[in-house]
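The primary structure of each chain is shown beneath.
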Amino acid sequence: RFGNVPLRRRRLNLLGSLRFESGDIDGARDLWLTQLDDATAAGDEQFAARACNNLGVVATLLDDLPEALACYARAVAAYFRVGYERGLGQSHHNLGITYREMGFLHEADSHFRTAERFARGASSEDEVARVAQERALLLYLLGDAELARHTARSALDTYARLEDPVGEAEVRRVEGLI
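Residues numbered from 1 in each chain as written. Predicted model: local features only at pLDDT ≥ 70, side-chain atom pairs only at ≥ 80, totals over all residues. Heavy atoms only, no water.

A. Expanded view of the overall build of the protein chain. Assigned secondary structure in the protein chain consists of 9 helices and 0 strands. The order of helices and strands in the protein chain, counted from the N terminus, is α-α-α-α-α-α-α-α-α. The C-alpha atoms of the protein chain give a radius of gyration of 17 Å, which matches the 16 Å a tight globule of 178 residues would have. C-alpha atoms of the protein chain, sized along the principal axes, occupy 60 × 35 × 30 Å. A buried classification covers 44% of the 178 residues belonging to the protein chain. Long-range pairs, those at least 24 residues apart, make up 51% of the contacts in the protein chain with a sequence separation of at least 6. When the accessible area of the protein chain is evaluated, it comes to approximately 9,300 Å², of which 52% is carbon and sulfur surface. Treating the 22 positive side-chain charges of the protein chain as one cloud and the 28 negative ones as another, the clouds have centres 4 Å apart. (Helix = DSSP H or I, 4+ residues; strand = E, 2+ residues; numbered from the N terminus. Rg over C-alpha atoms; globule rule 2.2 N^0.38 Å. Buried < 20%, exposed > 50% of the residue type's maximum accessible area, 1.4 Å probe, protein only. Contact = heavy atoms within 4.5 Å. Areas by Shrake-Rupley, 256 points an atom, 1.4 Å probe, with all protein chains shown as cover. Lys, Arg positive; Asp, Glu negative; His and termini not counted. Charge placed at Lys NZ, Arg CZ, Asp CG, Glu CD.)

Below is the structure:
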């Protein structure tokens, strides 16, 4: 009756992402909550973690930063249980952004450093570049403009090597703020 259940979780994740990208935040949240319930019931830690990460992004956009932190922490725990380094990197990256937005800059830096370590461990150059891009802004806020520019340049070089013009544009935006 329900078809392929793991495929259903993938479909929920993708449909949530499509709704999110089209601006339907409530629709995306509903799909990711269903995905989380589905994955939790099935013991599928990786899809539960993905849902939590996505729900954390929604909470951040809705300025519910305590909820975002809780979602990301749950994602970290689930990714840790399955040993998924890229996911751990993404979740710590999101924690870094959230702590930075809350003004807890040193806590943010700790999460960015942890995110970079996991992303490197997963050989995920795109995630390493995203972390460097966000950390560059943090370093500027901490008063180290020179290191911020160097970190942004590193992210820009990685995006150029990966032939990712969107990533390059994002780093240029950060460079403009520095």
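Now, onward.
B. Broad picture of the nonpolar core. Counting residues in hydrophobic clusters, the biggest one holds 31 residues, and the most contacted among them are Leu36, Leu95 and Phe112. Of all the elements in the fold, those that place two or more residues in this core are α2 (25–42), α3 (45–61), α4 (65–82), α5 (85–102), α6 (105–121) and α7 (125–141). Here Phe112 is in contact with His93, Gly96, Ile97, Arg100, Val131, Glu134, Arg135 and Leu138, once residues within four sequence places are set aside. Core analysis: the next-biggest nonpolar cluster, separate from the first, contains 13 residues, Ala129, Leu137, Leu139 and Ala152 among them. (Core = buried A, V, L, I, M, F, W, Y, C linked by side-chain atoms within 4.5 Å.)

C. Focus on a nonpolar patch on the surface. Residues Leu14, Leu15 and Leu18 make up a contiguous nonpolar surface patch of about 290 Å² in total accessible area. Relative to the elements of secondary structure, Leu15 occurs in helix α1 (residues 5–21). (Patch = residues over 30% accessible without salt bridge, like charges linked within 9 Å, V, L, I, M, F, W, Y side chains within 5 Å. Salt bridge = Lys/Arg side-chain N within 4 Å of Asp/Glu carboxyl O.)

D. Spotlight on the pattern of salt bridges. The tally for this structure, following the rule as stated, stands at 18 salt bridges. Asp24 is the partner of Arg19 in a salt bridge, and the nearest nitrogen-oxygen pair spans 3.8 Å. The exposure class assigned to Arg19 is partly exposed, which follows from its relative accessible area of 38%. Taking the relative accessible area as the measure of exposure, Asp24 reaches 32% and is therefore partly exposed. When salt bridges with common partners are traced through the structure, they connect Arg8, Arg9, Asp38 and Asp44 into a single cluster.

E. Summary view of the packing of α3 against α5. For the pair α3 and α5, interaxial distance at closest approach is 11 Å and the crossing angle is 15°. In terms of their interaxial angle, α3 and α5 are classed as roughly parallel. In the crossing of α3 with α5, the sense of the turn from one axis to the other is left-handed. Across the interface between the two elements, Asn53, Val57 and Thr60 from α3 touch Gly87, Gln90, Ser91, Asn94 and Thr98 from α5. In terms of residue class, the contact of α3 with α5 is built from 1 nonpolar, 7 polar and no charged. (Axes fitted to C-alpha atoms, helices over the stretch in contact; angles between N-to-C directions. Parallel < 35°, antiparallel > 145°, perpendicular 65-115°, else oblique. Left-handed = near helix turned anticlockwise from the far one by under 90°. Nonpolar A, V, L, I, M, F, W, Y, C, P; charged D, E, K, R; others polar.)

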